[in-house]
Amino acid sequence: MNILVLGSGGREHAISLKISQSPKTSKLIVAPGNAGTAQIATNVEVGVNDFEAIKKLVINKSIHLVVVGPEDPLVNGVHDFFLNDDELKSIPVIGPEKAAAELEGSKEFAKEFMMRHNIPTAAYESFTRESLEKGYAFLESLSPPYVLKADGLAAGKGVLILKDLQEAKDELKSMLVDSKFGNASATVVIEEFLNGIELSCFVLTDGTNYKILPTAKDYKRIGEGDTGLNTGGMGAISPVPFVDEVLMDKIEQQIVKPTVDGLKKDNLPYVGFIFIGLIKVGVEPKVIEYNVRMGDPETEVVIPRLKSDLVEVLSAMANGTLDQIDLQIDKRAATTVMAVSGGYPEAYEKGKEITGTENIQDSIVFHAGTKLSDGKVVTNGGRVIAITSFGKDFKEALKTSYQNMEKLHFDGMYYRKDLGFDL
Ligand code: AMP
Ligand code: GLY
């Protein structure tokens, strides 16, 4: 099979590596890819939202299956673009259609979906510029901290958690009236604050059947002890040690099953990965958010633990035969540590030469923000390289990742040394 993976991060490198290991794969193309995917596939300089260029690529390279990495093209309707095109409609796309991608594209849509299907989540109300005063009154009725969410995609920055009521009101106004996050904050969801520990659950679905992938926990803050600004993720651990059978069963019965059934009932066509952001409040799981893709860097620990042939699994998703797949999962724990550019998640420089990857042993090096420049691998993003390792538990796995991190170098490189501190 000829397979196209869309995206350029560590997630896409991890998915591509697994696809490249399948005997069913003939040609693997990544668009646009990075210096890591270049080692295992052919990179083609086509943007993930350039649907016409994607169409040309798919036809020229006789692609049989497309795997969409990031949310953007899904929310923009890349799957629908294929279905509406005579030359493309028979080529399966892994990733939901636009209507279903709204689960990530609109927080309000996701909340209404959860309410409709009785899926446990934080209480909420949503507001627009016209209902600003009602928004103030709602904030007054809540106790701090206050959770404000821009309805639309805001590059992971659209959620504000504020301790002070006046500050929350000011931010609400800035989001609704001054378009703090552009059109994404034309509607704002205000939520009850949930106190607990977070984890992520990843689900594969063909629209009817589902399979649950290993759980993972990522570390979003830039600073040790979960301090400082939010990032895309500084590392991850899988499985999540505090998830026992009882909790997993609740997650499946109260959340996963109603989600997949709800998508079907609501006629939201979904063939793809569902990333359910959860928080364990006391002993109960609640949904914080849906993403319509895999997480990054969670993919760098979840996919390496998958022992089944990923191409077989993806084909079953496309064919509606996921029920016939028996997912094989590596029992060992996996961890990944992300090396980031100095200054990230604020302004940072690119183009720094990366050295030392050849000395890394017993770990997998996933490239995130890298590219080839004059034969050298250089930094090309905030999150640069993720080092994934296995161990009997996450501590042992982390030790290997950290030992190997010391061999990696680029100007301004930073990584968190305290992953798992809260477990
Ligand atoms: P989201 O973009 O929805 O994942 O939100 C970003 C982060 O904000 C989450 O990972 C949580 O840490 C936090 N968060 C979101 N919603 C809530 C909530 N209702 N209560 C507590 N924390 C939240
Ligand atoms: N690591 C969080 C995300 O992918 O959204």
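Since the structure is predicted, the reported quantities are computational estimates derived from the model, not experimental observations. (Residues numbered from 1 in each chain as written. Chains lettered and ligands numbered in written order. Predicted model: local features only at pLDDT ≥ 70, side-chain atom pairs only at ≥ 80, totals over all residues. Heavy atoms only, no water.)

Could you give an account of the overall build of the protein chain, naming the residues involved and the relevant values?
Each helix and strand in the protein chain was counted, giving 12 helices and 22 strands. Taken against the 2.2 N^0.38 rule, which gives 22 Å for 423 residues, the C-alpha radius of gyration of the protein chain at 21 Å falls within 12% of a compact globule. Viewed in the frame of its principal axes, the protein chain has a C-alpha envelope of about 60 × 50 × 45 Å. In the protein chain, which comprises 423 residues, the share counted as buried stands at 58%. (Helix = DSSP H or I, 4+ residues; strand = E, 2+ residues; numbered from the N terminus. Rg over C-alpha atoms; globule rule 2.2 N^0.38 Å. Buried < 20%, exposed > 50% of the residue type's maximum accessible area, 1.4 Å probe, protein only.)

Which residues make up helix H7 (residues 132-141), and what are the values?
When we look at burial in H7, the residues that qualify are Leu-132, Gly-135, Tyr-136, Phe-138 and Leu-139. In an axial view of H7, the angular spread of the buried residues amounts to 160°, which keeps them on one side of the axis. Facing away from the buried side of H7 by over 90 degrees, the exposed positions are Glu-133, Lys-134 and Ser-141. In the core, the buried residues of H7 are packed alongside strand S6 (124-128), strand S7 (146-150), helix H8 (165-176) and strand S9 (187-191). (Arc of directions from axis to C-beta. Contact = heavy atoms within 4.5 Å.)

Before we move on, could you go through the sheet that holds strand S3 (residues 42-43) and cite the residues and values that matter?
On the basis of which strands lie adjacent, the open sheet formed by five strands has the order S3-S2-S1-S4-S5 and parallel pairing. Among the strands making up the open sheet, the edge pair consists of S3 and strand S5 (93-94). In this sheet, strand S2 (residues 27-32) lies alongside strand S1 (residues 2-7) in parallel orientation, the contact comprising six bridges. Among the inter-strand pairings, Leu-6 is bridged to a residue of S2, identified as Ala-31. Running at roughly 170° to S1, helix H1 (residues 10-20) makes contact with S1, S2 and strand S4 (65-68) of the sheet. Packing of helix H2 (residues 51-60) onto the sheet brings it into contact with S1, S2 and S4, and relative to S1 it is tilted by some 160°. (Pairing = 2+ DSSP bridges. Axes fitted to C-alpha atoms, helices over the stretch in contact; angles between N-to-C directions.)

Explain the pairing of S1 residue by residue, including any values.
Counting buried positions along S1 yields six of six residues, so the element is predominantly enclosed. Neither face of S1 is left uncovered, since the one carrying Asn-2, Leu-4 and Leu-6 and the one carrying Ile-3, Val-5 and Gly-7 both have all their residues buried. After leaving S1, the chain enters H1 and then returns to the sheet as S2, a path that is right-handed. With four bridges joining them, S1 and S4 adopt parallel strand pairing. By the bridge assignment for S4, Leu-6 is matched with Val-68. (Right-handed = clockwise from strand over helix to strand, strands pointing away.)

Explain the site of ligand 2 to me, and be specific about the residues and the numbers.
Asp-218, Lys-220, Gly-232, Phe-275, Arg-293, Gly-295, Asp-296, Pro-297 and Glu-298 make up every residue found near ligand 2. For ligand 2, a nitrogen atom lies 3.0 Å from a polar atom in the backbone of Gly-232. Residue composition of the shell around ligand 2, grouped by class: two nonpolar, two polar and five charged. (Near = heavy atom within 4 Å. Polar contact = N/O pair within 3.5 Å; in protein donor to acceptor, adjacent residues only side chain to side chain. Nonpolar A, V, L, I, M, F, W, Y, C, P; charged D, E, K, R; others polar.)

Describe a nonpolar patch on the surface, naming the residues involved and giving the relevant values.
On the surface, Val-159, Ile-161 and Phe-193 cluster together into a nonpolar patch covering about 240 Å² of accessible area. Inspection of the secondary structure puts Val-159 in strand S8 (residues 159-162). Val-159 gets classed as partly exposed once you look at its relative accessible area, which sits at 34%. (Patch = residues over 30% accessible without salt bridge, like charges linked within 9 Å, V, L, I, M, F, W, Y side chains within 5 Å. Areas by Shrake-Rupley, 256 points an atom, 1.4 Å probe, with all protein chains shown as cover. Salt bridge = Lys/Arg side-chain N within 4 Å of Asp/Glu carboxyl O.)

Before we move on, could you go through the site of ligand 1 and cite the residues and values that matter?
In the region of ligand 1, 14 residues are neighbours, and Glu-191, Glu-192, Leu-194, Glu-198 and Glu-289 sit closest. With respect to ligand 1, the backbone of Glu-192 contributes an N or O atom lying 2.9 Å from a nitrogen atom. In the model, a nitrogen atom of ligand 1 is placed 2.8 Å from a nitrogen or oxygen of the Leu-194 main chain. Within the residue set of the shell around ligand 1, elements represented by two or more residues are S7, S8 and strand S17 (284-291). Broken down by class, the residue content of the shell around ligand 1 amounts to seven nonpolar, no polar and seven charged.

Describe in detail the packing of H1 against helix H11 (residues 310-319), supporting the description with residues and values.
Remark: H1 packs on H11, axes separated minimally by 7 Å, with the N-to-C direction vectors making an angle of 100°. In terms of axis orientation, H1 runs roughly perpendicular to H11. Across the interface between the two elements, Ile-15, Lys-18 and Ile-19 from H1 touch Leu-310, Val-311 and Leu-314 from H11. Looking at the contact of H1 with H11, its residues break down into five nonpolar, no polar and one charged. (Parallel < 35°, antiparallel > 145°, perpendicular 65-115°, else oblique.)

Any details on the UniProt feature "domain: ATP-grasp" (unreviewed entry) in the protein chain? Residues and values, ideally.
With numbering aligned to this structure, UniProt lists the feature "domain: ATP-grasp" (unreviewed entry) at residues 111-319. In the segment residues 111-319, helix accounts for 30% and strand for 30%; the C-alpha atoms at its two ends are 30 Å apart. (UniProt positions renumbered as here; feature names shortened; annotations may be inferred.)

Help me get a handle on helix H9 (residues 245-265), residues and values and all.
Here H9 spans 28 Å end to end across 21 residues, near enough to the 30 Å set by a 1.5 Å rise per residue. Largest kink in H9: about 35°, centred on Glu-252. Of all the residues in H9, the buried ones are Leu-247, Lys-250, Ile-251, Ile-255, Val-256, Pro-258, Thr-259, Val-260, Gly-262 and Leu-263. The first or second residue beyond H9 is Asn-267, which carries a positive phi of 60°. (Expected span 1.5 Å × (residues − 1). Bend = angle between axes of the 7 residues up to and from the residue.)

Quick rundown of the nonpolar core? Include the residues and the values.
If you look at the biggest cluster of nonpolar residues, it comprises 49 residues, and the most contacted ones within it are Leu-4, Val-58, Val-66, Phe-82, Ile-276 and Tyr-290. At six residues, the largest contribution of residues to this core is made by H9. Among the nonpolar cores identified, the runner-up in size contains 32 residues, and Val-5, Ile-19, Leu-213 and Phe-273 belong to it. (Core = buried A, V, L, I, M, F, W, Y, C linked by side-chain atoms within 4.5 Å.)

Please set out the sheet that holds strand S12 (residues 217-218) residue by residue, giving values where relevant.
In spatial order, the strands read S12-S15-S18-S22-S19; together these five strands make up an open sheet with antiparallel pairing. A single partner strand is all that each edge strand has here, and the edge strands are S12 and strand S19 (364-367). As judged from the four bridges shared by S19 and strand S22 (residues 383-391), these two strands associate in the antiparallel manner. Directly across from Phe-366, in S22, lies its bridge partner Ala-386. The strands that helix H12 (residues 394-405) touches are strand S15 (235-238), strand S18 (333-340) and S22; relative to S18, the one it contacts most, it runs at about 30°.

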